[in-house]
Amino acid sequence: MTGLPLILAFWVAIVIMIVMISKLRIHPFISIMLVALALGLAAGIPLIDHKLADGTVQYGLATVIGQGFSGTFTSIGIVIILGAMIGTILEKTGGALKLADMMIQLVGKDNPVIAVQLMGWVVSIPVFCDSGFVILDPIRKALVRRTAVSAVSMTFALSSGLFISHVFIPPTPGPIAAASTLGIGDYLLQVIGLGLLCSIFPLIAGYFFARWIGTKVKSKDEVNSEEVAKIYKDLIASYGKLPSAFSTLAPIMIPISLMALSSVIVMLGLTGFVPELLRFLGTPIIALAIGMALATLQLFSVDRSEEFYAVCNSSLTAVGPILFITAAGGVLGKVIAVSDMVRYITANADVFGSMGIFFPFLLAAVLKTAQGSSTVAMITTAGIIAPLLTVLGFDTPIRATLACMAIGAGAMTVSHANDSYFWVVSEFSGLTPDQGYRVQTMGTLVLGIAAIIEIGLLSLVLS
């Protein structure tokens, strides 16, 4: 199958994959792998390897699947593991709570909605948004009682801050996996920088939506001030001893600084032992390994070194599904790459390229809305887009990074009942499901639209 029929088969395969994941409750790894296999058969990829007359080898479907799977692990596996471990340690030691307190001190208690939104935005850079909301919810409740601000406004402010950095800023696994799949794993600092920049519009939109929705919806979150204070006090006591500001920031800022320094050395074309050493230290795997070492020292600083094994084990358990889904996305991307689809789209580049930055956004938004997981939506979309980067005009590192940002914007459009984050936000905030749709679902639609508007504008000036 070639040409337009293959394109139609591709979209049918995507719909089937969505139904398998969202309706039939088949695990994303199995769903993506089965779709990749079926699409490979439909595309006419041979079953076994064949040696052609010119001496080259036409790889069979089994080999293509193996190459897509192993290639993804090679490029991204260790980075995802290290990033997840750093986040888990910050969560277990109270480092995330320390980051939240530092943000409140920076913004001030007179701006509680801004404070809680930026608090979530910072904390979710290393920590999953679900965990971040659970960790920070007592602080949100305490601030509500101290300032008399709408609990719903504070709920969405925290939710939006966490969600924005979750889809835009490494070392969260979704953006890391998407960046590596798109071939910009060595430009991780650029991804971080654009992730910070692309957060501006959705943060602003999220703030104003939070203030507005707080006047329209009232939650059942009726915990009295004494009880909230006790919850917050118990949370602090449960950590025993919070880490220092330096040890909290070091696992995040030092890897970023090393990657920044490496990028500067490459740009300046410096050579010699010291520049090469710094470039080595600034590669994502080594920089995050250093961040992991610094995070491990944090366990010792709060006298919890005996938990190191358990923390590592829980991190690997949590990150396992992400790794396998990422690899499955790589398989789908590899099947697309060796099929006739790329040649056909290349021949009709004007049609598909006319959608520009909105193509990856819409594809990610469809996947996110259908199956719930932002990480799965980012990984799957990146795997689909990767073979088409040149065809779609994302043929430079900066353009590929903008595509990564567009995927992130789509991956938060929208959060509803099939998304675990929807229920975390609703249940912890005392929102009914109907209120959750009005607050979280509508709010994430606003975030996604604001984000893609900013990314579209940036795509006009960045090349």
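Note: the structure precedes this text.
Just so you know, these numbers come straight off a predicted model, no measurement behind them. (Residues numbered from 1 in each chain as written. Predicted model: local features only at pLDDT ≥ 70, side-chain atom pairs only at ≥ 80, totals over all residues. Heavy atoms only, no water.)

J.: Please explain the overall build of the protein chain as it appears in this structure.
T.: Along the protein chain, the regular secondary structure elements total 22 helices and two strands. For the protein chain, the residues scored as buried account for 56% of the 463 residues in total. Counted over contacts in the protein chain with a minimum sequence separation of 6, partners at least 24 positions apart contribute 80%. For the protein chain, the exposed area adds up to about 18700 Å²; of that, 68% sits on carbon and sulfur atoms. (Helix = DSSP H or I, 4+ residues; strand = E, 2+ residues; numbered from the N terminus. Buried < 20%, exposed > 50% of the residue type's maximum accessible area, 1.4 Å probe, protein only. Contact = heavy atoms within 4.5 Å. Areas by Shrake-Rupley, 256 points an atom, 1.4 Å probe, with all protein chains shown as cover.)

J.: Hey, could you run me through the nonpolar core in this one?
T.: Across soluble globular proteins, nonpolar side chains have a tendency to be buried as a group. Of all hydrophobic cores here, the largest spans 134 residues; its most connected members are Leu39, Phe168, Leu182, Leu332, Met405, Met412 and Ile455. What Met405 contacts, discounting residues up to four positions off in sequence, is Phe168, Val191, Leu194, Gly195, Cys198 and Ile455. (Core = buried A, V, L, I, M, F, W, Y, C linked by side-chain atoms within 4.5 Å.)

J.: Whenever I open this one, the packing of aromatic side chains confuses me. Can you help?
T.: For any pair of aromatic rings, the description consists of the separation of the ring centres together with the inter-plane angle of the planes. Enumeration according to the criterion identifies ten aromatic pairs in this entry. Aromatic pair Phe29 and Phe69: ring centres 6.3 Å apart, planes at 75°, arrangement edge-to-face. Of the two residues, Phe29 sits in helix H2 (residues 28-42) while Phe69 sits in helix H3 (residues 61-93), which places them 40 residues apart along the sequence. Considering the side-chain rings of Phe29 and Phe324, the 6.0 Å spacing of their centres and the 70° angle between planes classify their relative orientation as edge-to-face. You can see Phe29 sitting in helix H2 and its partner Phe324 sitting in helix H15 (residues 308-338), a full 295 residues away along the chain. An aromatic cluster is defined as three or more aromatic residues linked by ring pairs; in this entry it consists of Phe29, Phe69 and Phe324. (Phe/Tyr/Trp six-rings, centres within 6.5 Å; stacked < 30°, edge-to-face > 60°.)

J.: How should I be thinking about the side chain of Ser415 in this particular structure?
T.: Along the chain, the position of Ser415 falls in the loop between helix H20 (397-410) and helix H21 (420-429). With a relative accessible area of 0%, Ser415 lands in the buried category. Contact partners of Ser415, with chain neighbours within four places excluded, come to Phe163, Lys368, Tyr421, Phe422, Gln440, Thr441 and Thr444.

J.: Explain the state of the cysteines to me, please; I cannot follow it from the model alone.
T.: All chains considered together, the criterion is met by zero disulfides. With no disulfide of its own, Cys198 lies 9.6 Å from the sulfur of Cys404, the closest cysteine sulfur. Assessed through its relative accessible area of 0%, Cys198 is described here as buried. (Disulfide = S-S within 2.5 Å.)

J.: Quick question: what am I supposed to make of unusual backbone geometry here?
T.: When glycine is set aside, most residues are seen to have a negative phi, and most peptide bonds are trans. Along the chain, Thr413 connects to Val414 via a cis peptide bond; the corresponding omega equals 5°. With respect to the secondary-structure elements, Val414 resides in the loop between H20 and H21. Positive phi values are uncommon outside glycine, yet Arg25 reaches one of about 60°. Relative to the helices and strands, Arg25 is located in the loop between helix H1 (3-22) and H2. Given a relative accessible area of 63%, Arg25 falls into the exposed group.

J.: Please clarify how the layout of surface pockets should be interpreted in this entry.
T.: Gaps left between atoms show up when a probe the size of a water molecule is rolled over them. Counted as a void, the largest pocket has a volume near 760 Å³. Along the wall of the largest pocket there are 41 residues; nearest its centre are Phe128, Ala318, Ile322, Ser373 and Thr375. Across the lining of the largest pocket, the residue classes break down as 18 nonpolar, 17 polar and six charged. (1 Å grid on protein atoms, 1.4 Å probe; cavity = no way out; pocket = protein on both sides within 12 Å on 5 of 7 lines; lining within 4 Å. Points joined across faces, edges and corners; volume = space filled by probe spheres on them. Nonpolar A, V, L, I, M, F, W, Y, C, P; charged D, E, K, R; others polar.)

J.: Would you mind going over the side chain of Arg140 with me for this structure?
T.: Structurally, Arg140 can be placed in helix H6 (residues 129-147). Here Arg140 falls in the buried class, since its relative accessible area comes to 0%. At a separation of 3.4 Å, a polar atom in the side chain of Arg140 contacts the main-chain carbonyl oxygen of Ala151. At 3.1 Å, the side chain of Arg140 and the side chain of Thr155 are in polar contact. (Polar contact = N/O pair within 3.5 Å; in protein donor to acceptor, adjacent residues only side chain to side chain.)

J.: Please explain the pattern of salt bridges as it appears in this structure.
T.: Charged atoms that come close allow side chains of opposite charge to pair. Enumeration according to the criterion identifies two salt bridges in this entry. Taking the shortest distance from any N to any O, the salt bridge between Glu307 and Arg304 comes out at 3.0 Å. Taking the relative accessible area as the measure of exposure, Arg304 reaches 15% and is therefore buried. Linking Arg399 and Asp395 is a salt bridge whose minimum nitrogen-to-oxygen distance equals 2.9 Å. (Salt bridge = Lys/Arg side-chain N within 4 Å of Asp/Glu carboxyl O.)

J.: Explanation requested: the packing of helix H8 (residues 173-181) against helix H19 (residues 374-385) in the structure shown.
T.: Each packed pair of helices is defined by two parameters, the angle between the axes and the distance between the axes. Two elements in contact, H8 and H19, have axes separated by 9 Å at closest approach and are oriented at 5°. The angle between H8 and H19 falls in the class roughly parallel. Residues Gly174, Pro175, Ala177, Ala178 and Thr181 of H8 form the contact with H19, whose participating residues are Thr375, Met378, Ile379, Ala382 and Gly383. Its residues assigned to classes, the contact of H8 with H19 shows six nonpolar, four polar and no charged. (Axes fitted to C-alpha atoms, helices over the stretch in contact; angles between N-to-C directions. Parallel < 35°, antiparallel > 145°, perpendicular 65-115°, else oblique.)

J.: Would you explain a nonpolar patch on the surface in this entry?
T.: Nonpolar side chains collect at one region of the surface, where Leu197, Ile200, Phe201, Ile204, Phe208, Met442, Leu445, Ile449, Ile453, Leu457, Leu460 and Val461 lie side by side and expose about 1100 Å² of accessible area between them. The leading source of residues in the nonpolar patch is helix H22 (residues 433-461), at seven residues. Looking at the element boundaries, Val461 is found in helix H22. Exposure remark for Val461: the relative accessible area of 64% places this residue in the exposed category. (Patch = residues over 30% accessible without salt bridge, like charges linked within 9 Å, V, L, I, M, F, W, Y side chains within 5 Å.)

J.: What is the right way to look at H1 in this model?
T.: With 20 residues, H1 should reach 28 Å at 1.5 Å per residue; the first-to-last C-alpha distance of 29 Å fits that figure. Burial in H1 covers these residues: Gly3, Leu6, Ile7, Ala9, Phe10, Ala13, Ile14, Met17, Ile18, Met20, Ile21 and Ser22. (Expected span 1.5 Å × (residues − 1).)

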